[in-house]
Amino acid sequence: MKAPKILWYDDQECAAGPVKFNSDETKYVRADIVEEMRQKLHIAAQVFRAYQAHHEYKGDGDKAERNEGYADQMEAAIKLLEEE
């Protein structure tokens, strides 16, 4: 795809472009990139949950506790990426 990955929008000029000219411009990331991040975060969250469950099953609570909360944080990030 030849489209820019990031666009900067200036609401006073009602214009967007690939270069940031003013500090008050808003950054937008292409939707396909955001969707790919969402998918990868979903996979990573499943891996962390499986890792944690595996070590809890083996009775190795130290390794399970070390990664506690990461999957929850990833799922919270996924929810933010899914908002429109």
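To keep things clear, this report deals only with the structure shown in the data block. Note that the structure is a prediction, hence the values are computed from the model and not measured.

Reading the values: rules and limits
- Residues numbered from 1 in each chain as written.
- Predicted model: local features only at pLDDT ≥ 70, side-chain atom pairs only at ≥ 80, totals over all residues.
- Heavy atoms only, no water.
- Helix = DSSP H or I, 4+ residues; strand = E, 2+ residues; numbered from the N terminus.
- Rg over C-alpha atoms; globule rule 2.2 N^0.38 Å.
- Buried < 20%, exposed > 50% of the residue type's maximum accessible area, 1.4 Å probe, protein only.
- Contact = heavy atoms within 4.5 Å.
- Areas by Shrake-Rupley, 256 points an atom, 1.4 Å probe, with all protein chains shown as cover.
- Polar contact = N/O pair within 3.5 Å; in protein donor to acceptor, adjacent residues only side chain to side chain.
- Expected span 1.5 Å × (residues − 1).
- Salt bridge = Lys/Arg side-chain N within 4 Å of Asp/Glu carboxyl O.

In terms of regular secondary structure, the protein chain is built from three helices and three strands. Across the protein chain, helices and strands are ordered from the amino to the carboxyl terminus as β-β-β-α-α-α. Over its C-alpha atoms the protein chain spans a radius of gyration of 19 Å, topping by over 25% the 12 Å that the globule rule assigns to 84 residues. In terms of its C-alpha atoms, the protein chain occupies a principal-axis envelope of roughly 60 × 25 × 20 Å. In the protein chain, which comprises 84 residues, the proportion classed as buried is 18%. Contacts in the protein chain between residues at least 24 apart in sequence constitute 34% of all its contacts with a sequence separation of at least 6. On the protein chain, roughly 6,800 Å² of surface is accessible, and the fraction owed to carbon and sulfur atoms is 53%.

Bringing the side chain of Arg-30 into the picture now. Assignment of secondary structure puts Arg-30 in the loop between strand S3 (26-29) and helix H1 (31-57). A distance of 2.8 Å separates the side chain of Arg-30 from the side chain of Asp-32, its partner in a polar contact.

Our focus in this paragraph is H1. Here H1 is 27 residues long and its end C-alpha atoms lie 39 Å apart, about the 39 Å a rise of 1.5 Å per residue gives. Among all positions of H1, only Val-34, Arg-38, Ala-45, Gln-52 and His-55 are buried. Just past H1, the residue Gly-59 takes up positive phi, approximately 80°.

Looking now at the pattern of salt bridges. Summed over the entire model, instances satisfying the criterion amount to five salt bridges. A salt bridge links Asp-32 to Arg-30; the nearest nitrogen and oxygen atoms lie 2.8 Å apart. Looking at Asp-32, the relative accessible area reads 38%, which means it is partly exposed. Judged by relative accessible area, Arg-30 falls into the buried class, the value being 18%. The shortest N-O distance in the salt bridge between Arg-49 and Glu-75 comes to 2.9 Å. You can see Arg-49 sitting in helix H1 and its partner Glu-75 sitting in helix H3 (residues 70-82), a full 26 residues away along the chain. For Glu-75, a relative accessible area of 32% gives the class partly exposed. What you see here is one network of salt bridges that share partners, running through Glu-35, Arg-38 and Glu-82.

Moving on: the side chain of Arg-38. Positionally, Arg-38 belongs in helix H1. Filtering out sequence-adjacent residues up to four positions away, Arg-38 remains in contact with Ile-78, Leu-81 and Glu-82.

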